[in-house]
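What follows is the residue order along each chain.
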Amino acid sequence: MLAGLASANSPAAQEVMNQPVHTMEGWSWADCGSPTDVIQLKSISLSPDPPKPGQDLTVTVVGTAQQRVEDGAYANVVVKLGLIRLLTKTFDVCDEARNANATIQCPIEQGDYTVVETVALPKEIPQAKFTVNVNGYTVDDDDMLCLNLNVDFMKKFPRFGW
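Residues numbered from 1 in each chain as written. Predicted model: local features only at pLDDT ≥ 70, side-chain atom pairs only at ≥ 80, totals over all residues. Heavy atoms only, no water.

**A closer look at the pattern of salt bridges**
Definition in use: Only one rule defines a salt bridge in this text: a Lys or Arg side-chain nitrogen within 4 Å of an Asp or Glu carboxyl oxygen. A helix here means a DSSP run of H or I that spans at least four residues, while a strand means a run of E at least two residues long, and both kinds are numbered starting from the N terminus. Exposure categories follow from relative accessible area, calculated using a 1.4 Å probe and restricted to protein chains: below 20% of the type maximum is buried, above 50% is exposed, and the middle band is partly exposed.
For the coordinates displayed, the defined rule picks out five salt bridges. A salt bridge links D112 to K42, with the shortest nitrogen-to-oxygen separation between them at 3.3 Å. With D112 in strand 7 (residues 111-120) and K42 in strand 3 (residues 39-47), this pair connects stretches of sequence that are 70 residues apart. Classification of K42 by relative accessible area gives partly exposed; the value is 48%. Each member of the salt-bridge network shares a partner with another, and the members are R68, E70 and E109.

**As for the state of the cysteines**
Defined as follows: We call a pair of cysteine sulfur atoms a disulfide whenever their separation is within 2.5 Å.
Overall, the coordinates contain two disulfides when judged by the stated rule. Across the disulfide from C32 sits C146; the S-S distance is 1.8 Å. Disulfide C32-C146: torsion about the S-S bond near -90°, hence left-handed. With a gap of 114 residues between them, C32 in the loop between strand 2 (27-31) and strand 3 and C146 in strand 9 (residues 143-152) connect regions that are remote in the sequence. By relative accessible area, C32 is classed as buried at 19%. Judged by its relative accessible area of 12%, C146 falls in the buried class. Bridging C94 to C106, the disulfide has an S-S length of 1.9 Å.

**Details of the confidence of the model for the chain**
Cut-off, in case you're wondering: The score called pLDDT rates the predictor's confidence residue by residue, from a low of 0 to a high of 100. Working rule for contacts: check all heavy atoms of both residues, and any pair within 4.5 Å makes them a contact.
Averaged over all residues, the pLDDT of the chain is 86; the fraction at 70 or higher stands at 80%. Long-range and interchain partners of residues 1-17, a stretch whose pLDDT sits below 50, account for nine contacts in this model, where long-range means more than four residues apart.

**Brief notes about the packing of aromatic side chains**
This is how it is decided: Two aromatic rings from Phe, Tyr or Trp, using only the six-membered ring of Trp, form a pair when their centres are within 6.5 Å; if the ring planes differ by under 30 degrees the pair is stacked, by over 60 it is edge-to-face, and anything between is tilted.
In this structure the tally under the stated criterion is two aromatic pairs. For the ring pair F130 and F153, a centre distance of 6.0 Å and an interplane angle of 75° mean the geometry is edge-to-face. Of this pair, F130 sits in strand 8 (residues 129-137) while F153 sits in the segment after strand 9, placing them 23 residues apart in sequence. As far as the burial class goes, F130 and F153 line up, both buried.

Below you can see the structure in the form of structure tokens.
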């Protein structure tokens, strides 16, 4: 553990620690990757914002592929409710893109991209705060991206100025 703290003083670790957290109403995201990651995230937007259970959610991601992404790239995804791990799953990024008929398909060439996908959110999503961590890797196990999401499905009550 001390070695990990000591390495936090490295320039790459400082760069990751200095990444801004992008906060919107009901959710936020942070790029937890490094400048050498294959995918550099520029922005993520949601519609509706904030997301609502039982409605379609359109996600727009803008980013740059700093090098070609080949078939076999994968992502480890962990979804938590507080400290409780609800889901831990490894996804083949290219298979998921093919199955979803995504606007971007593998191989992904170097360049700037805007990806727009719509998913149906189940109405049974509990009123809770979720965290999602995504760590992506190339087919050669090089770091591809790191993303932390926080989504708050708690009901908001109106505030009165009394």
